[in-house]
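The chain contents come next:
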Amino acid sequence: MQSQSAAAQNNDNIPLAVATITFTVLVLSLGDALIKFSSGEFVLWQIFVLRSLIVLLILLIYLKMKRPQALAIPPAFGWTLLRSLMLVGMWVAYYVALPNLELSIAAAAYYTLPIFITLFSAVFVGDKISILGWGAVILGFLGVLLILRPNAEDFNLYALLPLVSAVLYALAMILTRTKCRTVNPAILSIMLNLSFIVVGAVAAAATLLFAPEPREGFLFAPWTQMASAEWLTITLMAIAILVGSAGAAVAYQAGPSSIVGTFDFAYVGFALLWGIIFFAELPDILSVCGMLLIIGAGIMSLRQ
């Protein structure tokens, strides 16, 4: 009897998966740079709700015009909902970290996710990890240690949040491949953005009711008054998350998690570029060495 992993490989389109995930992380990294830039202006829950309302409107119009038959409860509704909540948790952890870390450092810590994808693929999907693959895992974690330097005096606890994001993202993508493979990517994106709206609205209400005064910061500040400039910013964020949510779904449905996860590493390079351009952030030599080790681990993982 053909294994689940072998059956999935028969339907793979690796060039499509690689091209899609590369473009996806380019757009997502630019969107995350915009989040970091705007963290002093917007509260996180306002971004979640308004951004996802725009995305949801676009998706519903698209499906109504192109694929009205897809507007139905997905066949794997429970798994799709769990995937969406994992991704919301992932973005909460990562976005909370962004105002407190250099963009490239947050990206590098977050991009331990291909290491977790490799490990989780072996545990949950049955993919085999070769000696080269195990070497990639070890090399990747050495890179993380160089970046985080937990014994250094300037160790930033916020740097742990991207690691939490990495675990949640890896689990969500394994779930995409194993349980949500047949779900329309637009429906996956709709479920994700509905989850953003619900979680954002609940968190905003809880903040209003229970947060002590003065309410300030990226999690607790009052919502910003919206004018044309603010709506433009939110719209750009919506475009980034639309590409990100649909693109990741397409990529992980089309190709093996271990390969697609490796090309996810392109985010680190893009984040380094945006950090230099927008924030004049220049990581130190140890951090750069850590990034190179993580990228090297990704190449090894691809060849295993």
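Data block above holds the structure.
For clarity, every value in this text was computed on a predicted model and none was experimentally measured.

Engineer: Whenever I open this one, the overall build of the chain confuses me. Can you help?
Structural biologist: Within the chain one finds 14 helices and zero strands. Going from the N terminus to the C terminus, the chain shows its helices and strands as α-α-α-α-α-α-α-α-α-α-α-α-α-α. Scaling as 2.2 N^0.38, a compact globule of 304 residues should have a C-alpha radius of gyration of about 19 Å, and the chain matches this with 19 Å. Dimensions along the principal axes, computed over C-alpha positions, put the chain at roughly 55 × 55 × 35 Å.

Engineer: Please explain the packing of helix H3 (residues 44-66) against helix H11 (residues 228-254) as it appears in this structure.
Structural biologist: The geometry of a pair of packed helices is captured by two quantities: the angle between their axes and the separation between those axes. As a packed pair, H3 and H11 sit with axes 8 Å apart at the nearest point and diverge in direction by 60 degrees. Crossing angle aside, the handedness with which H3 passes H11 is right-handed. The residues of H11 that touch H3, namely those facing Ile47, Leu50, Arg51, Ile54, Val55, Ile58 and Leu59, are Trp231, Ile234, Thr235, Met237, Ala238, Ile241 and Leu242. Counted by class, the contact of H3 with H11 contains 12 nonpolar, one polar and one charged residues.

Engineer: What am I meant to see in the side chain of Arg177 here?
Structural biologist: Within the secondary structure, Arg177 sits in helix H8 (residues 161-178). Using a relative accessible area of 7% as the deciding quantity, one classes Arg177 as buried. A distance of 3.3 Å separates a polar side-chain atom of Arg177 from the backbone oxygen of Gly255.

Engineer: Got a minute to help me understand the packing of aromatic side chains in this structure?
Structural biologist: Describing an aromatic ring pair means giving the distance of the ring centres and the angle of the ring planes. If you walk through the whole model with that rule in mind, you get 13 aromatic pairs. Measuring from ring centre to ring centre gives 4.9 Å for Tyr94 and Tyr110, while their planes differ by 35 degrees; the resulting arrangement is tilted. With a gap of 16 residues between them, Tyr94 in helix H4 (residues 77-97) and Tyr110 in helix H5 (residues 103-110) connect regions that are remote in the sequence. Judged by relative accessible area, which is 1%, Tyr94 ranks as buried. Residue Tyr110 is classed as buried on the basis of its relative accessible area, which comes to 6%. Through a chain of ring-to-ring contacts, three or more aromatic side chains come together here, namely Trp45, Phe48, Trp91, Tyr95 and Phe196.

Engineer: So what exactly am I meant to see when it comes to H5 here?
Structural biologist: Quick reminder: α-helices carry 3.6 residues per turn. Residues three or four places apart thus point the same way. With eight of eight residues buried, H5 is to be regarded as a mostly interior element. All of the buried residues in H5 are Leu103, Ser104, Ile105, Ala106, Ala107, Ala108, Ala109 and Tyr110.

Engineer: Would you mind going over a nonpolar patch on the surface with me for this structure?
Structural biologist: A contiguous nonpolar surface patch, about 570 Å² in accessible area, is contributed by Leu30, Leu273, Ile276, Ile277, Phe278 and Leu282. In terms of residue count, the dominant contributor to the nonpolar patch is helix H13 (residues 266-279) (four residues). Inspection of the secondary structure puts Leu30 in helix H2 (residues 14-38).

Engineer: Whenever I open this one, the packing of H2 against H13 confuses me. Can you help?
Structural biologist: Across the interface, H2 lies against H13 with an axial gap of 9 Å and an inter-helix angle of 35 degrees. In this structure, the crossing between H2 and H13 has a hand that is right-handed. Contact residues: H2 offers Thr22, Val25, Leu26, Leu28, Ser29, Leu30, Asp32, Ala33, Lys36 and Phe37, while H13 offers Ala266, Tyr267, Phe270, Ala271, Trp274, Phe278 and Phe279.

Thresholds applied
- Residues numbered from 1 in each chain as written.
- Predicted model: local features only at pLDDT ≥ 70, side-chain atom pairs only at ≥ 80, totals over all residues.
- Heavy atoms only, no water.
- Helix = DSSP H or I, 4+ residues; strand = E, 2+ residues; numbered from the N terminus.
- Rg over C-alpha atoms; globule rule 2.2 N^0.38 Å.
- Axes fitted to C-alpha atoms, helices over the stretch in contact; angles between N-to-C directions.
- Left-handed = near helix turned anticlockwise from the far one by under 90°.
- Contact = heavy atoms within 4.5 Å.
- Nonpolar A, V, L, I, M, F, W, Y, C, P; charged D, E, K, R; others polar.
- Buried < 20%, exposed > 50% of the residue type's maximum accessible area, 1.4 Å probe, protein only.
- Polar contact = N/O pair within 3.5 Å; in protein donor to acceptor, adjacent residues only side chain to side chain.
- Phe/Tyr/Trp six-rings, centres within 6.5 Å; stacked < 30°, edge-to-face > 60°.
- Patch = residues over 30% accessible without salt bridge, like charges linked within 9 Å, V, L, I, M, F, W, Y side chains within 5 Å.
- Areas by Shrake-Rupley, 256 points an atom, 1.4 Å probe, with all protein chains shown as cover.
- Salt bridge = Lys/Arg side-chain N within 4 Å of Asp/Glu carboxyl O.

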